[in-house]
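Listed here are the chains, written in short residue letters.
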Amino acid sequence: MDTTKAPSLFIIAVLLGKALFAAALQDNRTSGKKKKKLGLFTASLPWTFGPYQAQMHQLSMLLSSTYDGNHQGKFHDDSQGEYEIYWLNFAVSLPHGIYQNYAEIKAHAPNLVPPPDDFPLDHITFLGLPGGHDGNLFTSKINEIAKMYELDLLLSLMDITKVIPNEEFALPCLAWVPLHSATVKKSNVDYWVLRRYHGIAGLAPSGAMAINDTVGREIEINESSMEFDHSHKLLKEIFGTAQVEFIPHIIDRQGIISSGTVGLSLLRQMSVAEADAKLTESNTVINRGQESTLEAGHHLSLFSGEHRKDDFIVLLQGGNYESEDRKGWDTSLQAFARFYNSLEDPSRVHLLIHSMESYLIAADHNSDQDAPATVLPKGNMLHLLLHELGLPRDAYTIDIARHAPEVVAAYKIRADVCLHPSKVEGFGMNIMECQAVGTPVITTNYTAMGDFTKLGRSISPRQMIHSPGELYQMALPDVMGIADALGEIYQEHLFMKQGDEAALSRREKEIQVTNDWIDETFSPTKVGSIFKELLRRTNDEFLKRSAAKQLYISSLSPPTYGGYRIASGYHSTIVDWDEPWTILAPDGLKILHPQQLHSICWGAILNDDGGPNNNILVLPAVYEDGTPVPFMSASGNGVPHDDLPILVKTYMLTALQSQASRKKSLVGLALQNSAAPRILNQGFAQINRRGKDSGISFGRISPDNEL
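What this report covers is the structure whose coordinates are included nearby. (Residues numbered from 1 in each chain as written. Predicted model: local features only at pLDDT ≥ 70, side-chain atom pairs only at ≥ 80, totals over all residues. Heavy atoms only, no water.)

**Concerning the environment of Leu294**
By secondary structure assignment, the location of Leu294 is in the loop between α9 (272-279) and β13 (312-320). Note on Leu294: relative accessible area 2%, which makes it buried. The spacing of Leu294 and Arg268 is 26 residues in sequence and 9.7 Å in space, taken between C-alpha atoms. Not counting chain neighbours up to four residues away, the residues in contact with Leu294 comprise Ser271, Val272, Phe303, Leu352, Thr397, Asp399 and Tyr411. (Helix = DSSP H or I, 4+ residues; strand = E, 2+ residues; numbered from the N terminus. Buried < 20%, exposed > 50% of the residue type's maximum accessible area, 1.4 Å probe, protein only. Contact = heavy atoms within 4.5 Å.)

So this is what it looks like as structure tokens:
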């Protein structure tokens, strides 16, 4: 159908589409009081280690039941809730099926630690993943799961790098996103993942703004090859604009303080290991390398007695389980050493390190047993780093252990400053919890850390860095700036210990301002309220996209523009556009029928021709003398001929271009990660070899038909 010659018919179709959307929206909102089936997808099960699980569990209670702040923050009576809660995870492998409680789950995960006796789980139904989980979470897999369990909506909380956007979501999907970068770039596959979602809750203001600046806008399709197309606006509606809000994690400030107070009381009476056993009601005291500074009654104890009550305690607490060292352990230790060595008398300064190593995380799935000797850590070797920095052994405590929440909070209360200058943070739970108990923090002024540092110092990074192991840019913490900030807070500490009224008053005001901000911004009631509204907007956006797609498929031919761009060169062009396909082309490529090829490309997307994993279209070509371009290279290794044009879905290329730049390598990687390629008909492509440069070339872009 040529919409440029029949605008009146197109307008009728658009009006029909709007009517379909309005009817679907009205039906969705007036379908009675029946609860919607909401799937929550995160790393592991609610009671296992990890902030994502803990936060998703709190949110599950907010969405499934009535929250009453007058009942000491307890959740009760889910009869008034809008959603039935279904929990999915990819860490604990459960066969396809429905599980109502821990006992049913344990039959398939016998070494899984049980939840605490009073842990609320009655409102959750657990779902197994069909076919298990191989480390990759395809959007097509999510659609399969949603259809199998008849879910109405899905909400995910995970690093978006785990999602592979091989097709559009088939149900309303909302992502709670810890954005680990200052921007979202079209050259990064994260852009395509976020573009798939209908709603996005950014965990930090800067993250939500960066997301909204890209996927909160319409797609940009090259229109140079057309005079006018009435379908252009409708096409943009199909891909939509994500509904974006800033929604942080929940911070129960009073709860953290109460928990830490209980922990401190016990640590004044017993060792950390004994306190853990008591708090978890365990008959076993687990002591794996506990230092004397963590033993009550010892003269070096950080928690008991009068000897060290005025010491300046620097807390460095967090996960140490990444080879990329995103948490900045190396620079934090360098900064502490620089600060320590600058003091005339550092004897009353102590570094308390509480580190979660990679092998500790797996304890939830191994009956909390010590890891075998062959399981090695993935992060920094803290003992070695501190030794090489030349710090006296009595200047620091290294505590590598999992602790009860009360002990973790007690460490934060005991500290005089929390040192947390990461290279990047999507949220920064440690930063928030330290401030919640009135302990100042030192962070890097980048992403969420800059947003959330109210009590303490946020230090500008020295520079930006790019690691080969990560897709995004990170900040390099400034060792000298961090050391100076430690010195400033140490001076404040000394003034307050001396009873300086100005210093005490200033700190009191800073704490009060921070408390008011936390209670207002991170409260369960506020987070729950914003989420409920965003879920409704997410559903509306899904209906809007679905109605537009249904109208296009039923009433209009696929567009004859904007289906692909051409990239060429020995080192291919960097892909950073919205066109869904990219032709990896040899120099001299000429597309003979560009409008028809654009239409085929859009048909493969809008009509899902070939399935979600068909990421490659082979474009047969001939040379200018009519000789066919061979399909395979002369090497006989199953490698396509260098002169054969290959269409690859753009989202896939944005992922692959972080691994390779040579065109032939990109083609090889694409073939490895796709179903069997679809071969198009002859007659679309010609390769002109006259005057071809034989040297190495760098990528060039053509939006339409010729290079």
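Still more ground to cover, so stick around.
**Regarding the side chain of Thr444**
Its place among the elements puts Thr444 in strand β17 (residues 441-444). Among the polar contacts made by the side chain of Thr444, one reaches the main-chain carbonyl oxygen of Pro421 at a distance of 3.4 Å. Filtering out sequence-adjacent residues up to four positions away, Thr444 remains in contact with His420, Pro421, Ser422, Met449, Gly450, Ser458, Ile459, Pro461, Ala475 and Pro477. (Polar contact = N/O pair within 3.5 Å; in protein donor to acceptor, adjacent residues only side chain to side chain.)

**Notes on the pairing of strand β1 (residues 36-42)**
When you tally the buried positions in β1, you get seven out of seven residues, the bulk of the element. The side-chain alternation of β1 yields two buried faces, one formed by Lys36, Leu38, Leu40 and Thr42 and the other by Lys37, Gly39 and Phe41. Relative to strand β4 (residues 83-89), β1 is paired through seven bridges, and the arrangement is parallel. Bridge pairing in β4 places Phe41 opposite Leu88. One ladder, built from five bridges, connects β1 with strand β8 (residues 153-157); its direction is parallel. The residue bridging Phe41 from the neighbouring strand is Ser156, located in β8. (Pairing = 2+ DSSP bridges.)

**Considering the sheet that holds strand β6 (residues 124-127)**
With mixed pairing, the eight strands of this open sheet are ordered in space as β5-β6-β4-β1-β8-β10-β11-β12. Strands at the two margins of the open sheet, each flanked by one partner only, are β5 (98-99) and β12 (243-246). Examined bridge by bridge, strand β10 (residues 173-177) and strand β11 (residues 199-202) share four bridges and lie parallel to one another. By the bridge assignment for β11, Ala175 is matched with Ile200. Against the sheet, helix α6 (residues 205-215) makes contact with β10, β11 and β12, and its axis sits at roughly 165 degrees relative to β12, the strand it touches most. (Axes fitted to C-alpha atoms, helices over the stretch in contact; angles between N-to-C directions.)

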